[in-house]
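# Structure at a glance
Below, each chain spelled out in residue letters.
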Number of protein chains: 2
Amino acid sequence: MAEKVSIEKKVLSKNDQIAAEIRAGLEKQGIVTLNLVSSPGSGKTSLLERTLGALNDKLKMALIAGDVQTVNDARRLTRAGGKIVRPLVTGGACHLDAQMVKKVLEKINLAGTDVLLIENVGNLVCPSSYDLGEDLKVVLISTTEGDDKPLKYPAMFRRSSAMILNKIDLLGMSNFNPEQVKKNALSINPHLTIFETSCTKGTGLDAWYNWLLELVKAKKAGKS
Amino acid sequence: MAEKVSIEKKVLSKNDQIAAEIRAGLEKQGIVTLNLVSSPGSGKTSLLERTLGALNDKLKMALIAGDVQTVNDARRLTRAGGKIVRPLVTGGACHLDAQMVKKVLEKINLAGTDVLLIENVGNLVCPSSYDLGEDLKVVLISTTEGDDKPLKYPAMFRRSSAMILNKIDLLGMSNFNPEQVKKNALSINPHLTIFETSCTKGTGLDAWYNWLLELVKAKKAGKS
């Protein structure tokens, strides 16, 4: 498999080059860019729906909704009030890559945009390897998935800046221990900012909104 | 990316060769082999724990517990009464492949074994492409993941023979519609056998146990 490893390195290095170009372009425009990653069904789209509902008047947001198949998520985000929403269907690929994002960005006018939110394919492994030119990765994990997941899928938690522990309304329905999942995540990455939310019920989201607003403020301060 | 595609084809074709060898070996020994696939946290390990509890006296089972990191699952399965349990840690890879399984099988004495259960890495995309030499793939989906998942990750549902709709004890806690998920899954693959279970509460599992027993009976009948 040496040949496979060497070709993977080449693909990743090419990806990193394109991601660096994307990052430079977004930085120039002062846009905060987040790459949202998680297992399928952890609540990435629900989080974005809530975020649109709460911050659409305060921030100009652009959204890219990645999926293996279907444009369901992009439709949901448009219905939730998203003004710039683009689907990115990989057609089988298990992650977004920088080239795919570049192609989408070439067709969006981002003038005046504060935040670009990229919803990755639901996959707790592969997206961790592909830089999309984002400022930060945000990993979601839901209380129905098992509290040992950070230990079993460490790369994603190591490379993320924030972790959203979602579906806290379902705590107590299984043997999931929220203190244990936080301890496990912080053992992999002590710098994680952690939010505890229920995107279905709409609870615990203010801290997330404020964090996002602070990121935008800091980016603008850095530019001025 | 033509080079990447061509190397992927080569890797898959090499994988298929090894899988065919594994399949021939297991067939010769009359062993029913299942490859369990799902998102992280859908309940693969819980299903295997329940299956050991119910069938350990009726069937001789061997289990391979795949994970990106940790041997947590293998430990759980041993505690649940598994007599032949082997961890298979990929060390970062997002799926099991036939070569990894071959290496594990070389070190197990499968004499008299009725069923080999392989728990894949939690990932609803990549494991669909890698034949491990199994008779059948079984896909799990839980009621907390969203009822559009079969449409969004179609390859896995197309290549599976059975679907286990798990965590039915949590129905009603979200807007997940069990009829819709079944409709979606059957639109991708009309031949799916569907089970509805709660591995936490232990409900709905008899149909699954009987299906497994029938597979073993049919395999033995085929050999005699």
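Whatever comes next refers back to the structure up there.
Quick summary incoming for the structure in this document. Keep in mind that what you see is a predicted model, and the values were worked out from it rather than measured.

Quick look at the overall build of chain A now. The helix and strand tally for chain A stands at eight helices and seven strands. Its C-alpha atoms give chain A a radius of gyration of 17 Å, within 12% of the compact-globule value 17 Å for 224 residues. Residues classed as buried in chain A amount to 56% of the 224 residues present. Partitioning the contacts of chain A with sequence separation of at least 6, the portion at a separation of at least 24 is 74%. Within the structure as shown, chain A displays about 9200 Å² of accessible surface, and the carbon and sulfur contribution to it stands at 51%.

Residue and element names in this part refer to chain A. Across all of its chains, the model carries six aromatic pairs over all chains by this definition. Ring centres of phenylalanine 195 and tryptophan 208 lie 5.9 Å apart, and the angle between their planes is 80°; on these two criteria the pair is classed as edge-to-face. Pair noted here: phenylalanine 195 is in strand 7 (residues 193–196) and tryptophan 208 is in helix 8 (residues 206–223), with a separation of 13 residues, a long-range link. You can call phenylalanine 195 buried: its relative accessible area is 6%. Clustering of aromatic rings is evident, with ring pairs tying together Phe195, Trp208 and Trp211.

Moving on, we get to the sheet that holds strand 3 (residues 84–89) of chain B. Residues and elements named next belong to chain B. Read across the sheet, seven strands follow the order 3-2-4-1-5-6-7 without closing on themselves; strand pairing throughout is parallel. Looking at which strands have only one partner, the edges of the open sheet turn out to be strand 3 and strand 7 (193–196). In this sheet, neighbouring strand axes are inclined to one another by 20° on average, regardless of whether the strands run parallel or antiparallel. Both strand 2 (residues 61–67) and strand 4 (residues 115–119) contribute to a ladder of five bridges, which runs parallel. Paired with leucine 63 across the two strands is leucine 117, which belongs to strand 4. Across the sheet, helix 2 (residues 44–55) lies against strand 1 (32–37), strand 2, strand 4, strand 5 (136–142) and strand 6 (162–166), angled at about 165° from strand 2, the strand it touches most.

Another point: the pattern of salt bridges. Tallying each qualifying case throughout the model produces 28 salt bridges over all chains. A salt bridge links Arg76(A) to Glu49(A); the shortest N-O distance between them is 3.1 Å. Of this pair, Arg76(A) sits in helix 3 (residues 72–79) while Glu49(A) is found in helix 2 (residues 44–55), placing the two residues 27 residues apart along the sequence. On the accessibility criterion, Arg76(A) (24% relative accessible area) is partly exposed. Among the charged side chains, a network of salt bridges with common partners joins Asp67(A), Asp73(A), Asp148(B), Lys149(B) and Lys152(B).

The subject of this paragraph is the pairing of strand 3 of chain B. In terms of strand pairing, strand 2 of chain B meets strand 3 of chain B through six bridges, oriented parallel. Counted as the bridge partner of Ile64(B) is Arg86(B) from strand 3 of chain B.

What follows is about unusual backbone geometry. Phi at Lys167(A) takes a positive value of approximately 65°, unusual for a residue other than glycine. Structurally, Lys167(A) can be placed in the loop between strand 6 (162–166) and helix 7 (178–188).

Contact residues are listed per partner, giving 37 residues for chain A and 37 residues for chain B. For the pairing of chain A and chain B, the buried interface totals around 3100 Å² over both sides, and the portion due to carbon and sulfur atoms is 61%. When the buried area of chain A at its contact with chain B is split by residue, Pro40(A), Lys152(A) and Met173(A) rank highest and sum to 18% of it. Applying the counting rule to chain A against chain B returns four salt bridges. Lys152(B) is the salt-bridge partner of Asp73(A), the closest N and O atoms lying 2.8 Å from each other. Where the side of chain A that touches chain B is concerned, the elements lending two or more residues are helix 1 (2–28), helix 3 and helix 5 (149–152) of chain A. The residue inventory of the side of chain A that touches chain B, partitioned by class, reads 17 nonpolar, nine polar and eleven charged.

With that settled, the discussion passes to the sheet that holds strand 1 (residues 32–37) of chain A. All names here are of chain A. Pairing within the open sheet is parallel, and its seven strands lie in the order 3-2-4-1-5-6-7. In this open sheet, the two edge strands, each paired with only one partner strand, are strand 3 (84–89) and strand 7. Each strand axis lies, on average, 20° off the axis of its neighbour in the sheet, ignoring direction. The sheet contact formed by strand 5 (residues 136–142) and strand 6 spans five bridges and is parallel. Bridged to serine 142 within strand 6 is asparagine 166. Seen against the sheet, helix 3 touches strand 2 (61–67), strand 3 and strand 4 (115–119) and runs at an angle of roughly 155° to strand 2. Helix 8 contacts strand 1, strand 4, strand 5, strand 6 and strand 7 of the sheet and is inclined by roughly 145° relative to strand 1.

Procedures and definitions
Residue positions are counted from 1 within each chain, in the order its sequence is given. Throughout, the order in which chains and ligands are written sets their labels, letters from A for the former and numbers from 1 for the latter. Totals for whole chains, interfaces and linings use every residue, but because this is a predicted model, local features are given only for residues with pLDDT of at least 70 and side-chain atom pairs only at 80 or more, for both listing and counting. Working from all heavy atoms in the structure, the side-chain values ignore hydrogens and water. Here a strand is any run of E in DSSP of at least two residues, a helix any run of H or I of at least four, and the numbering for each starts at the N terminus. Atoms counted for the radius of gyration: C-alpha only. Globule rule: 2.2 Å times the number of residues to the power 0.38. Summary of the burial criterion: residues with accessible area below 20% of their type's maximum are buried, those above 50% are exposed, and those between are partly exposed, where the area comes from a 1.4 Å probe applied to protein chains only. Whether two residues touch is decided by their heavy atoms; if any such pair falls within 4.5 Å, the residues are in contact. The method behind every accessible area is Shrake-Rupley, applied with a 1.4 Å probe, and residues are considered shielded solely by the protein chains displayed. Note on aromatic pairs: the rings of Phe, Tyr and Trp (six-membered ring only in Trp) are paired at centre separations within 6.5 Å, and the planes decide the class, stacked below 30 degrees, edge-to-face beyond 60, tilted for the rest. Here, any two strands with at least 2 DSSP bridges between them count as paired. Note on geometry: axes are lines fitted to C-alpha atoms, helical ones only across the stretch in contact, with angles between N-to-C directions running from 0 to 180 degrees. Throughout this description, the term salt bridge denotes a Lys or Arg side-chain nitrogen within 4 Å of a carboxyl oxygen of Asp or Glu. What counts as buried area is the accessible surface, traced by a 1.4 Å probe, that two parts surrender upon association, with contributions from both included. Note on residue classes: Ala, Val, Leu, Ile, Met, Phe, Trp, Tyr, Cys and Pro are nonpolar, Asp, Glu, Lys and Arg are charged, and everything else, Gly too, is polar.

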